[in-house]
Amino acid sequence: MKNFFLLFLIVPLLSFNIHKFYVSVTNITYNEKDESFQITSRIFIDDLEALLLERYGIKGNLGTDGEPPLVDDYIEKYLNAKLLLTLNGENKGYTFLGKKYENDLVICYLEVENVDLAALKSVTVQNELLTDLYEEQKNLVHLKIKGKKKSFVLIKENNKGMLNF
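Overview of the structure. (Residues numbered from 1 in each chain as written. Predicted model: local features only at pLDDT ≥ 70, side-chain atom pairs only at ≥ 80, totals over all residues. Heavy atoms only, no water.)

## Overview of the sheet that holds strand S8 (residues 138–145)
Moving on, step 1. Ordered by their spatial adjacency, six strands build an open sheet running S5-S6-S2-S1-S8-S9, and the pairing between neighbours is mixed. The outermost strands of the open sheet, each flanked by one partner alone, are strand S5 (95–102) and strand S9 (148–154). Pairs of neighbouring strands in the sheet enclose a mean axial angle of 15°, with direction left out of account.
Moving on, step 2. Here strand S1 (residues 23–31) pairs with S8 via seven bridges, running parallel. Note on S8: the bridge partner recorded for valine 25 is leucine 140.
Moving on, step 3. Running over the sheet, helix H3 (residues 71–82) touches strand S2 (36–44), S5 and strand S6 (105–112) and is turned about 115° from S5. (Pairing = 2+ DSSP bridges. Helix = DSSP H or I, 4+ residues; strand = E, 2+ residues; numbered from the N terminus. Axes fitted to C-alpha atoms, helices over the stretch in contact; angles between N-to-C directions. Contact = heavy atoms within 4.5 Å.)

Put into structure tokens, the structure is as follows:
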């Protein structure tokens, strides 16, 4: 448990320096007003650029004037393949709303719409972001729903977390 809190505290500090470990942070929150899951995923810019080059052969130049126009399409495609949300055993697609840059992070915004909270029995998150590029990658996931909060540290060998109601 100490390691989890240490990682959680170090991530913000790393956004100001060159980082030495590989981590992403994903927050998934149920919004009762919109009846949707709102998802934010924070990924280091240099890691995402390395992924875009390795997987798709494009130089990202993220956050610069040289950023290719199709970069959002590639990021969305990658997120759809590596970040999965399953509700009551059924995979749910999400909408990529966009991204913004903050220091050396890319913050991606996603949404799963039309979620019937009353019928929700379980939520499973599978997060394989960057595990195909970095063996040491850790993906922190924070899930908030129905007054319950659960956090997971997901790695390549253990890439799923579940919350039952």
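That shown, we press on.
## Some words on the sheet that holds strand S7 (residues 122–127)
Moving on, step 1. Taken together, the four strands give an open sheet; going across it, the order is S4-S3-S7-S10, and neighbouring strands pair in antiparallel fashion. Here the strands that pair on one side only, and so sit at the sheet edges, are strand S4 (90–92) and strand S10 (160–164). Across the sheet, the axes of successive neighbouring strands diverge by a mean angle of 25°, strand direction being ignored.
Moving on, step 2. With five bridges connecting them, S7 and S10 associate as antiparallel partners. Along S10, the bridge assignment pairs valine 125 with glycine 161.

## Quick look at a positive patch on the surface
Moving on, step 1. Where like charges cluster on the molecular surface, the positive patch consists of Lys121, Lys146, Lys148 and Lys150.
Moving on, step 2. Structurally, lysine 146 can be placed in the loop between S8 and S9.
Moving on, step 3. Under the relative-accessibility criterion, lysine 146 is labelled partly exposed at 37%. (Patch = residues over 30% accessible without salt bridge, like charges linked within 9 Å, V, L, I, M, F, W, Y side chains within 5 Å. Areas by Shrake-Rupley, 256 points an atom, 1.4 Å probe, with all protein chains shown as cover. Salt bridge = Lys/Arg side-chain N within 4 Å of Asp/Glu carboxyl O. Lys, Arg positive; Asp, Glu negative; His and termini not counted. Charge placed at Lys NZ, Arg CZ, Asp CG, Glu CD. Buried < 20%, exposed > 50% of the residue type's maximum accessible area, 1.4 Å probe, protein only.)

## Brief notes about the pattern of salt bridges
Moving on, step 1. Enumeration over the complete set of coordinates arrives at eight salt bridges.
Moving on, step 2. Taking the shortest distance from any N to any O, the salt bridge between arginine 55 and aspartate 132 comes out at 2.8 Å. In this pair, arginine 55 is assigned in helix H2 (residues 45–56) and aspartate 132 in the loop between S7 and S8, connecting sequence segments 77 residues apart.
Moving on, step 3. Accessibility expressed as a relative area gives 37% for aspartate 132, which makes it partly exposed.

## Structural notes on unusual backbone geometry
Moving on, step 1. Phi is positive for asparagine 61, which is not a glycine, with a value near 45°.
Moving on, step 2. Considering the arrangement of structural elements, one finds asparagine 61 in the loop between H2 and H3.
Moving on, step 3. Overall, asparagine 61 belongs to the partly exposed group, its relative accessible area being 27%.
Moving on, step 4. Notably, lysine 146 is not glycine yet its phi reads approximately 50°, a positive angle.

## Description of the nonpolar core
For soluble globular proteins, the rule of thumb is that nonpolar side chains tend to be buried together.
Moving on, step 1. The biggest cluster of nonpolar side chains holds 39 residues, and the ones touching the most others in it are Phe37, Leu79, Leu85, Val123 and Ile145.
Moving on, step 2. At five residues, the largest contribution of residues to this core is made by H2.
Moving on, step 3. Once you skip the residues sitting within four places of it in the chain, leucine 79 turns out to touch Ile43, Tyr94, Phe96, Cys108, Leu110 and Leu129. (Core = buried A, V, L, I, M, F, W, Y, C linked by side-chain atoms within 4.5 Å.)

By themselves these figures say nothing about function.
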